[in-house]
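One letter stands for each residue in the lines below.
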Amino acid sequence: MRTWVYIIGVSAAMLAGCKKDKYTTTPQVSIESITPSIVNSGNVIELQGKYTDLEGDVDSALIVYKWYNGTTAVRKDTFRYGFNQLGMPTGVQRAEISLQFEYNTNNYPDLSKLPGVSQRDTTAAFGLLLIDKLKNRSNYAESSTIRLKKP
């Protein structure tokens, strides 16, 4: 009898553990890194992340730019991009995200432009929220802050 109780208990624990790795209908996103940590005019900022979605129907991203004065966000801009605009795969349940932005120059015509700061150096962070075809919105993920240098 104890053997059956043990087997049932172990089986239940294994099934519960497997459910943690299942994808959900609502997309899930995480930001893994942002580089460089200090950005000069003409630098390319690269944001790396991952996402999952059970149906694989993520089709757009909201990208949030935040500029800070100390710990207070003083400016926030949000832009919506289709996955095809970002060169992201469609129809997949799991993928890595790599987004690039050009800071204060027009040297790279294929990259999104991030305007330079005008008065002094500042810190900034990038946020990401994904939306699928049924309008389900992922969690909001935000990068660590980086330093934007005045041109």
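Only a predicted model underlies this, so the values are computations on that prediction, with no experimental measurement involved.

Peer 1: Which parts of the structure should I look at to understand the pattern of salt bridges?
Peer 2: Between side chains of opposite charge, a pair can form when the charged atoms approach closely. Inspection of every chain in the model, using the stated rule, returns four salt bridges. Ionic pairing is found between Glu142 and Lys66, a salt bridge with its closest N-O pair at 3.0 Å. Of this pair, Glu142 sits in strand E9 (residues 141–142) while Lys66 sits in strand E4 (residues 58–69), placing them 76 residues apart in sequence. Across the salt bridge formed by Asp121 and Lys149, the nearest N and O atoms sit 3.0 Å from each other.

Peer 1: Any chance you could explain the nonpolar core here in plain terms?
Peer 2: In a soluble, globular protein the nonpolar side chains are often hidden away together inside. Counting residues in hydrophobic clusters, the biggest one holds 29 residues, and the most contacted among them are Ile45, Tyr51, Phe126, Leu128, Leu130 and Leu148. Of all elements in the fold, only strand E1 (28–35), strand E3 (44–52), E4, strand E6 (94–103), strand E8 (122–132) and strand E10 (146–148) reach the threshold of two or more residues within this core. When sequence neighbours within four positions are dropped, the list of residues in contact with Leu148 reads Val39, Ile45, Trp67, Tyr103, Leu114, Val117, Asp121, Thr122 and Ala124.

Peer 1: Can you walk me through the sheet that holds E1 in this structure?
Peer 2: Sheet strands line up and pair through hydrogen bonds in the backbone, either parallel or antiparallel. Judged by pairing direction, the sheet is mixed, and its four strands sit side by side in the order E1-E3-E6-E7 without closing on themselves. The open sheet is flanked by E1 and strand E7 (112–114), the only strands paired with a single partner. Pairs of neighbouring strands in the sheet enclose a mean axial angle of 30 degrees, with direction left out of account. Relative to E7, E6 is paired through three bridges, and the arrangement is parallel. Bridge pairing in E7 links Phe101 to Ser112.

Peer 1: What am I meant to see in the packing of aromatic side chains here?
Peer 2: Any two aromatic rings considered together are summarised by their centre-to-centre distance and by the angle between their planes. One pass over the full model with this rule turns up six aromatic pairs. The interplanar angle of 90 degrees and the centroid separation of 5.7 Å between the aromatic rings of Tyr65 and Phe101 together place this pair among those described as edge-to-face. One end of the pair, Tyr65, is in strand E4; the other, Phe101, is in strand E6, with 36 residues separating them in the sequence. Classification of Phe101 by relative accessible area gives buried; the value is 2%. A centroid spacing of 5.0 Å and a plane angle of 25 degrees characterise the contact between Phe101 and Phe126, whose relative ring orientation is stacked.

Peer 1: What's the story with the layout of surface pockets in this structure? I'm lost.
Peer 2: Vacant regions in the atomic arrangement are exposed by a probe of water-molecule size rolled over the atoms. Its boundaries defined by the atoms lining it, the largest pocket holds a volume of some 320 Å³. In this structure, the largest pocket is lined by 16 residues; those nearest its centre are Trp67, Val74, Val117, Arg120 and Thr122. Contributions of two or more residues to the lining of the largest pocket are made by E4, strand E5 (72–82) and E8. It is E4 that provides the largest number of residues to the lining of the largest pocket, a total of three residues. Here the lining of the largest pocket is built from residues that sort into five nonpolar, seven polar and four charged.

Conventions and cut-offs
Residues numbered from 1 in each chain as written. Predicted model: local features only at pLDDT ≥ 70, side-chain atom pairs only at ≥ 80, totals over all residues. Heavy atoms only, no water. Salt bridge = Lys/Arg side-chain N within 4 Å of Asp/Glu carboxyl O. Helix = DSSP H or I, 4+ residues; strand = E, 2+ residues; numbered from the N terminus. Core = buried A, V, L, I, M, F, W, Y, C linked by side-chain atoms within 4.5 Å. Buried < 20%, exposed > 50% of the residue type's maximum accessible area, 1.4 Å probe, protein only. Contact = heavy atoms within 4.5 Å. Pairing = 2+ DSSP bridges. Axes fitted to C-alpha atoms, helices over the stretch in contact; angles between N-to-C directions. Phe/Tyr/Trp six-rings, centres within 6.5 Å; stacked < 30°, edge-to-face > 60°. 1 Å grid on protein atoms, 1.4 Å probe; cavity = no way out; pocket = protein on both sides within 12 Å on 5 of 7 lines; lining within 4 Å. Points joined across faces, edges and corners; volume = space filled by probe spheres on them. Nonpolar A, V, L, I, M, F, W, Y, C, P; charged D, E, K, R; others polar.

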